[in-house]
Structure formats: C-alpha cells, structure tokens
Amino acid sequence: MKTILGDMLLMAPPDNNLTDLPSPEQLKGKILVKGKKLKRVDDGLAHNGPSNAEAADVSDEDEAAEMEDESVKNHVSSKSESSKLKLAKELSDLVVYCKSVHFRSFEYAKEHQTFSEMSSLTEGKASKLANESGTQFIVHNTKQIGRA
C-alpha cells in the first residue's frame, strides 16, 4: 500500500499532533486506514516505533464487535472462540486516526475513548441517535471520526 499510494497515505499525524484530530484541511487528499491496532506496551497514539511483534491474533469477535447486523453477530458468536485472524504489524502501523472500536454510548465514548478511535454505525442507528440525541451526536463527531 505504501508503494502504490505513496504520499497520499497518512502514515503519521500531521505536525506530530498527538492530542487532537487534525483539521479537515490537513487531511485533504490523504487516505486514512481504518482497522484494528496491535496492543503494545507503550500503547499511546505514537505506534510507529519499533516493536517485536510481526503479527498478532485478532478474533472474529473483535472484527465484528462494531457491526450492527444481527446475522453477522450471530454468525461470529457461533464460531469457536479459538478462531483468530492474523493482523500484520505493518497494517496495524498504518492505522493512525481510525482505530476500530465498538460504539456503546456517547457517555462511554466521552469517558473511555480517545480521539484516534472511531466507530461505524448503520445508517439507521446513526439516524436514530441524531434524532434522539442531536447535540450529543454533534459533540461526539467533533471529537472523534464516525462512519455511517
């Protein structure tokens, strides 16, 4: 991906800002990778340093945790718990601002999630949240990237 996408691929935070999301202007023309991150001892945003891990296991449950489709959840939960996928360190290192996490609530996100974590919502759930908690929805999306 690095070879093909080159400078268009965001591989590190612009201006080494590790506390807030960059402006849309700073991300203009950039491709952000969304996915899981390998856990590290120094588990902050700066994950581009050296690591002993070349690959690690990510469960199907981790991958499907944020999905709203009940049929997908049921399929994943019916698999054995030992079912794991390999996550390459190189791919994990490309995840800068879009670490996949499950959306629980606006309150949970505010208390426990960082600006570099994002949740994917179905269009129906996003619409419901916007209608029921419009102000919280807006505040959440000023602090974190969301996808519907």
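Note: the structure precedes this text.
Here is what the cut-offs are and how they apply
- Residues numbered from 1 in each chain as written.
- Predicted model: local features only at pLDDT ≥ 70, side-chain atom pairs only at ≥ 80, totals over all residues.
- Heavy atoms only, no water.
- Helix = DSSP H or I, 4+ residues; strand = E, 2+ residues; numbered from the N terminus.
- Buried < 20%, exposed > 50% of the residue type's maximum accessible area, 1.4 Å probe, protein only.
- Contact = heavy atoms within 4.5 Å.
- Areas by Shrake-Rupley, 256 points an atom, 1.4 Å probe, with all protein chains shown as cover.
- Core = buried A, V, L, I, M, F, W, Y, C linked by side-chain atoms within 4.5 Å.
- Pairing = 2+ DSSP bridges.
- Right-handed = clockwise from strand over helix to strand, strands pointing away.
- Phe/Tyr/Trp six-rings, centres within 6.5 Å; stacked < 30°, edge-to-face > 60°.

The next subject is the overall build of the chain. Each helix and strand in the chain was counted, giving eight helices and six strands. Each helix and strand of the chain, placed in order from N terminus to C terminus, yields the pattern α-α-β-β-α-α-β-α-β-α-β-α-α-β. Out of the 148 residues belonging to the chain, those deemed buried represent 32%. Expressed as a percentage of contacts within the chain between residues at least 6 apart in sequence, the contacts between residues at least 24 apart total 70%. As displayed, the chain has an accessible area near 9,600 Å², and 52% of this comes from carbon and sulfur atoms.

Counting seven residues, the largest nonpolar core is built from Leu10, Leu27, Val96, Tyr97, Cys98, Phe115 and Met118. Core analysis: the second largest hydrophobic core is formed by five residues, Phe103, Leu121, Ala126 and Leu129 among them.

The subject of this paragraph is the sheet that holds strand E4 (residues 98–100). Spatial strand order, E1-E4-E5-E6: four strands in an open sheet with parallel pairing. Two strands in the sheet have a free side with no partner beyond their single neighbour: strand E1 (34–35) and strand E6 (146–147). Pairing between E4 and strand E5 (residues 117–120): two bridges, direction parallel. Residue pairing across strands places lysine 99 opposite glutamate 117, the latter belonging to E5.

One non-glycine residue, aspartate 15, lies in positive phi territory at about 55°. Relative to the assigned elements, aspartate 15 resides in the loop between helix H1 (2–5) and helix H2 (24–27).

Along E5, one buried face is formed by Glu117 and Ser119 and the opposite face, lined by Met118 and Ser120, is buried too. Taken together, E4, helix H6 (residues 106–112) and E5 constitute a β-α-β crossover, and its handedness is right-handed. Where E5 lies against E6, two bridges are found, and the strand directions are parallel. Note on E6: the bridge partner recorded for serine 120 is arginine 147.

Here the focus is the packing of aromatic side chains. Under the criterion given, the structure shown has three aromatic pairs. Taking the centre distance of 6.2 Å and the plane angle of 45° together, the rings of tyrosine 97 and phenylalanine 115 count as tilted. Note that tyrosine 97 is positioned in the loop between helix H5 (89–93) and E4 and phenylalanine 115 in the loop between H6 and E5, a separation of 18 residues in sequence. Summarising the burial analysis for this pair, tyrosine 97 and phenylalanine 115 share the class buried. By the ring-pair criterion, three or more aromatic residues cluster together here, those being Phe103, Phe106 and Phe137.

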